[in-house]
Amino acid sequence: MNENKTGNSKRQKFYITTAIPYMNAKLHLGQVYEFILADVIARYHRLIGYDVFFLTGSDEHGAKIFKTAASKGISQQEYVDGMVGDMKRILKLYNISNDAFIRTTDPLHEKIVQDIYTKLNENGDIYKSTYEGSYCVPCETFFSDNQLIDKKCPQCSRDVDWIEEDNYFFRLSKYEDKLIEHIEKNPDFVVPQTRKNEVLGLLKQGLKDFSISRTTVKWGVQIPFDASHYSYVWIDALINYISALGYGSSDDTLYLKYWPADQHHIGKDILKFHTVIWPALLMSLGVKLPEHVVIHGWIMKGEEKLSKSKGITLDPDEMSDQYGSDAIRYFFTREISFGLDGSFTAESMQKRYNAELSNDYGNLVSRTIAMIGKYREGIIPPATSGDPGLKKQWLMSRENAINAIKNWDYAGCLISIWEFINMANKYIEDSRPWELAKGSGKDDAEKLDNVLYSLAESIRLATILVFPFMPDSCAKVYTQLGIEINPEDIILEEHGCWGFFKGSAKTGAREILFPRIESDKD
Ligand code: ME8
């Protein structure tokens with residue numbers, strides 16, 4: 001965990017979370033997509049000076065995990081420990097910069113879940129009744145008869161279990177009007193807008209109280225006022241967003257500092273849990289609601305939805321081996337309009353990779369470093385006044401990129417950055433440095449200095465904005481420019497001014513950032 005997090009920073013706080021994936025199988029790229037989306041936003045907020053706390057973690061209880069561990073003949077704890085180790089490895093592989101990692105089997109989390117059950121009970125929001133209905137184990141969700149499709153789960157089309165048991169219920173219906181009021185008064189509570197309308201539609205159909213305990217699934221948090229009941233896995237999981245901050249515990253410094261969450265990032269299948277049930281629980285606890293619940297679309301493989309349990313998967317290791325994790329981060333943020341579903345195909349990946357990464361960005365860096373090597377013995381000229389066109393475009397691209405990211409418009413942000421990158425590419429053609437290099441006059445030498453400095457400065461600046469999307473490659477660009485800075489320490493307001501770089505640096509060894517992908521046909 002970042003040690004500065006409890007310091008007395010005057011910077012504005014920013015708390016961002018992802019959903020916590022079930023630990024019943026290896027992560028697939030749909031879940032990694034969510035980490036990437038949140039990570040880009042977290043990194044952008046650090047860049048523009050916020051005090052960021054970025055949380056992710058693992059959902060480790062429930063029937064699904066219980067059954068998976070049992071089928072492997074190992075203890076549940078042993079099983080989830082292994083799965084969490086693998087998840088952390090993948091987070092690292094994709095450069096996800098989370099500040100903390102919460103596990104729902106952490107004893108402190110379990111204690112906070114119990115305390116919350118006690119509080120909900122004391123508030124009169126829990127009562128005991130008989131539950132009769134269908135339960136889908138892979139989705140960890142209850143369904144009423146009229147929700148089932150051909151007697152199967154409406155989400156994953158699999159068989160459901162019939163459950164008949166005494167359960168504790170949460171008075172969700174009590175919060176219906178308050179939830180509608182909150183969503184109407186805070187039009188950006190649920191984004192994008194289409195999802196907000198979907199939630200309002202759900203709420204206006206009416207809310208039923210729902211079961212929040214189980215007696216049959218014992219792999220979970222024991223209900224403090226009735227030892228024969230265990231928490232419904234979703235209640236346990238949702239609480240992670242505040243338990244990770246120490247809510248209600250003896251050390252709630254992080255909670256006091258960072259709650260309410262600024263952004264919860266989730267996928268569209270778990271919208272109701274985050275925009276209806278979670279806010280209702282918080283209302284019952286008297287806790288502020290998160291600012292935004294940000295809902296992304298679905299990553300598909302061709303026409304098919306990814307699903308660990310159905311074995312349709314894009315494997316994060318294979319994808320990273322094949323393209324590099326930066327290129328994957330770039331592809332999914334550039335390709336998919338935020339909130340919509342998107343499909344991965346090798347063809348579309350190759351097209352973007354070769355055109356935008358290899359040609360536009362990679363070649364700009366490689367040509368510039370080569371020219372500095374050839375014409376100035378590898379020394380970037382000292383700062384000049386710089387090209388006015390590039391300077392102007394930088395200011396525009398910078399502003400547009402930041403505005404886009406504030407509206408979750410990842411593709412728009414990258415388009416603005418690429419406008420600048422492509423202007424720098426055009427500037428090479430227009431300013432014809434190879435001809436200036438042939439001239440023998442002082443004027444030509446000065447012009448060439450100006451061109452080479454302007455290009456190096458443009459690359460440095462563009463790279464500041466590219467960094468949240470592709471952290472590995474940006475570190476390599478700085479090394480090639482001979483700039484000794486940890487990109488994590490860059491603050492846009494200070495480092496993002498044209499002329500901040502004083503030049504005169506010795507460039508590092510040239511390295512191809514994105515080697516072209518040659519297709520079989522080439
Ligand atoms: O739902 N494309 O866990 P999970 C895009 N444990 N996003 C996808 C996706 C896909 N193909 N498949 C899954 C759970 N996701 C709960 C969360 S939070 C308190 C508890 C997203 O492993 C999904 O929408 O099924 C969710 O946001 C996240 O990955 C984890 O999904």
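Structure's up top.
Residues numbered from 1 in each chain as written. Predicted model: local features only at pLDDT ≥ 70, side-chain atom pairs only at ≥ 80, totals over all residues. Heavy atoms only, no water.

Colleague: Tell me what's going on with the nonpolar core, and back it up with residues and numbers.
Modeller: Counting residues in each nonpolar core, the largest one holds 104 residues, and the members touching the most others are Y44, F332, Y361, I417, W418 and F469. Excluding residues within four positions of it along the chain, F332 makes contact with L29, Y33, I299, M319 and F344. Judged by nonpolar contacts, the second largest core, of 72 residues, contains L179, V221, I270 and L271. (Core = buried A, V, L, I, M, F, W, Y, C linked by side-chain atoms within 4.5 Å. Buried < 20%, exposed > 50% of the residue type's maximum accessible area, 1.4 Å probe, protein only. Contact = heavy atoms within 4.5 Å.)

Colleague: Help me get a handle on the pairing of strand β12 (residues 292-296), residues and values and all.
Modeller: A regular strand places its side chains so that they alternate between the two faces of the sheet. Of all five residues that make up β12, five are buried, and the element is covered over most of its length. Alternating residues of β12 divide into H292, V294 and H296 and V293 and I295, and every residue in both groups is buried. The pairing of strand β11 (residues 263-267) with β12 spans five bridges and is classified as parallel. Looking at β12, one finds that H264 is bridged to V293. Regarding the hand of the β-α-β motif, the stretch spanning β11, helix α10 (residues 271-285) and β12 is right-handed. (Helix = DSSP H or I, 4+ residues; strand = E, 2+ residues; numbered from the N terminus. Pairing = 2+ DSSP bridges. Right-handed = clockwise from strand over helix to strand, strands pointing away.)

Colleague: Outline the site of the ligand, supporting the account with residue identities and numerical values.
Modeller: Around the ligand, 25 residues are found, and the nearest of them are I20, Q31, E34, D59 and D269. A distance of 2.9 Å separates an oxygen atom of the ligand from a polar backbone atom of G267. Computed on the free molecule, the ligand has an accessible area of 670 Å², of which 96% lies beneath the protein chains in the complex. Contributions of two or more residues to the shell around the ligand are made by α1 (29-47), α7 (233-238), α8 (240-243) and β11. (Near = heavy atom within 4 Å. Polar contact = N/O pair within 3.5 Å; in protein donor to acceptor, adjacent residues only side chain to side chain. Areas by Shrake-Rupley, 256 points an atom, 1.4 Å probe, with all protein chains shown as cover.)

Colleague: Explain the packing of aromatic side chains residue by residue, including any values.
Modeller: As enumerated under the stated definition, the model contains 30 aromatic pairs in all. Ring centres of Y44 and F469 lie 6.0 Å apart, and the angle between their planes is 75 degrees; on these two criteria the pair is classed as edge-to-face. Taken together, the positions of Y44 in helix α1 and F469 in the loop between α17 (442-466) and α18 (471-481) put the pair 425 residues apart, joining distant regions of the chain. Side by side, Y44 and F469 carry an identical accessibility label, which is buried. By way of ring pairs, the aromatic residues Y127, Y131, Y135, F142, F169, F170, Y175, F210 and Y232 are connected into one cluster. The lysine or arginine in question, K88, covers the ring of F101, its NZ or CZ lying 4.7 Å from the ring centre. Between R214 and the ring centre of Y135, over which it is positioned, the NZ or CZ distance is 4.4 Å. (Phe/Tyr/Trp six-rings, centres within 6.5 Å; stacked < 30°, edge-to-face > 60°. Lys NZ or Arg CZ within 6 Å of the ring centre and 35° of its normal.)

Colleague: Explain helix α14 (residues 388-406) to me, using residue names and the numbers behind them.
Modeller: Three or four residues apart is the spacing at which side chains of an α-helix point the same way, because the helix has 3.6 residues per turn. With 19 residues, α14 extends 28 Å from end C-alpha to end C-alpha; this agrees with the ideal 27 Å at 1.5 Å per step. Within α14, burial applies to L390, Q393, W394, S397, A401, I402, A404 and I405. Down the axis of α14, the buried side of the element spans an arc of 155 degrees, and every buried residue falls inside it. Residues of α14 that are exposed and angled more than 90 degrees away from the buried face: P388, K392 and E399. Those residues of α14 that are buried are in contact with α1, α15 (410-431), α17 and α19 (492-495). Its side-chain oxygen 3.1 Å from the backbone nitrogen of G389, D387 forms the N-cap of α14. Within two residues after α14, W408 carries a phi angle of roughly 60 degrees, on the positive side. (Expected span 1.5 Å × (residues − 1). Arc of directions from axis to C-beta.)

Colleague: An account of the layout of surface pockets is requested, with residue identities and associated values reported.
Modeller: Approximately 1,100 Å³ is the volume attributed to the largest pocket. For the lining of the largest pocket, the secondary-structure elements that each account for two or more residues are β4 (126-136), β5 (141-143), β6 (161-170), α6 (193-204), β8 (210-211) and α10. With five residues, β4 is the largest single contributor of residues to the lining of the largest pocket. Classifying every residue of the lining of the largest pocket by side-chain character gives 14 nonpolar, eleven polar and eight charged. Taken as a whole, the second largest pocket encloses approximately 910 Å³ of empty space. Lining the second largest pocket are 42 residues, and of these Y22, H28, Q31, D269 and W298 sit closest to its centre. Among the secondary structure elements, those contributing two or more residues to the lining of the second largest pocket are α1, α7, α8, α10 and β14 (304-305). Among the elements that line the lining of the second largest pocket, the one with the most residues is α1, at five residues. Its residues assigned to classes, the lining of the second largest pocket shows 20 nonpolar, 13 polar and nine charged. (1 Å grid on protein atoms, 1.4 Å probe; cavity = no way out; pocket = protein on both sides within 12 Å on 5 of 7 lines; lining within 4 Å. Points joined across faces, edges and corners; volume = space filled by probe spheres on them. Nonpolar A, V, L, I, M, F, W, Y, C, P; charged D, E, K, R; others polar.)

Any link to function would need more than the numbers given here.
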